[in-house]
Amino acid sequence: MPPKHNVQTLRLPRYSLIVAAATMLTILVGWVAIRAVGPSQATSPRLVVPSQQSASVVPAAVIASVPTSAPARPTSPAASARVSATPSRTPVASPSASSSPTPSKTKAAKPPAPVRTSASPTPPAPAAAFTARYRTTASWDTGFIGYVQVTNAGDAPGAWSVTVTYPSSAGVTIIGTWNAQRSGTTFTGDTLAPGASASFGFSANKQVRGKVKPSGCTVAGASCRIG
């Protein structure tokens, strides 16, 4: 029967293999669990190293496949909300004097040119044109009789008016009138048609001998014919 220390020497390698296999299986199960749960619940995996007797039996490929550091934890929603809620202080450019709007120079619309219409000239309205002739039909020492004939030489009917004046030295005073209305030395009559004539007379006193000629005679502003 062999001694006891030889039996323990033979059993040691087999025990080491079992421990190494169990260790590898534990590491793989933990790694799969970390991957399944996610980074929020993952913690840094701890490599379970067996005793110094079985450390040299673990294959290097298994150790290399174990992640040495846990994946970075994502920022929690609350933290990201706090970060995004912080307003960014962006400097706002103050408006300068040069940014004031410049009034645009708009040209005023020119009014349309007036349309010139060729209007036919309006013929002048016909007017009455009077002529008159003055005569002395009778004369004596203290008086005389005057006679006037008026004619409408115009193209329209109209009323006539004759004014007769005498020198103040003659001392003429009109005392009677016929076929006309008198106001002082002015005589007026009815309307005369174009080409028609009318006559009137008056009697007067005088203070000189001989015939007295009028110093002025007008009909509608025109001079009368005397004699």
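What counts and what doesn't
- Residues numbered from 1 in each chain as written.
- Predicted model: local features only at pLDDT ≥ 70, side-chain atom pairs only at ≥ 80, totals over all residues.
- Heavy atoms only, no water.
- Helix = DSSP H or I, 4+ residues; strand = E, 2+ residues; numbered from the N terminus.
- Buried < 20%, exposed > 50% of the residue type's maximum accessible area, 1.4 Å probe, protein only.
- Contact = heavy atoms within 4.5 Å.
- Areas by Shrake-Rupley, 256 points an atom, 1.4 Å probe, with all protein chains shown as cover.
- Core = buried A, V, L, I, M, F, W, Y, C linked by side-chain atoms within 4.5 Å.
- pLDDT = per-residue confidence, 0-100.

Draft legend 1. Representation of the overall build of the protein chain. Looking only at helices and strands, the protein chain has three helices and 10 strands in total. Helices and strands in the protein chain line up, N terminus first, as α-α-α-β-β-β-β-β-β-β-β-β-β. Burial analysis of the protein chain (227 residues in total) assigns 22% to the buried set. Counting only contacts in the protein chain whose residues sit at least 6 apart along the sequence, the fraction spanning at least 24 positions is 72%. Accessible surface, the protein chain: about 17000 Å² in total, of which carbon and sulfur atoms supply 59%.

Draft legend 2. Examining the nonpolar core more closely. Counting 22 residues, the largest nonpolar core has Tyr134, Val150, Trp160, Val162, Phe200 and Phe202 as the members making the most contacts within it. At the level of secondary structure, the elements contributing two or more residues to this core comprise β1 (130-139), β2 (143-152), β3 (158-165), β6 (186-192), β7 (197-205) and β8 (216-219). When residues no more than four places from it in sequence are discounted, the contact partners of valine 162 are Val148, Val150, Thr185, Thr186, Phe187, Phe200, Cys217, Thr218, Val219 and Cys224.

Draft legend 3. Here's a closer look at unusual backbone geometry. Of note in the backbone geometry, asparagine 179 takes a positive phi value of approximately 60 degrees without being a glycine. Within the secondary structure, asparagine 179 sits in the loop between β4 (173-178) and β5 (181-183). Located in the positive-phi region is alanine 220, a residue other than glycine, with phi close to 55 degrees. If you trace the backbone, alanine 220 turns up in the loop between β8 and β9 (222-223).

Draft legend 4. Up close: the confidence of the model for the protein chain. When pLDDT is averaged along the protein chain, the result is 74; 56% of the residues meet or exceed 70. Low pLDDT (under 50) marks residues 47-58, which in the prediction has 15 contacts with non-local residues, meaning those over four places away or in another chain.

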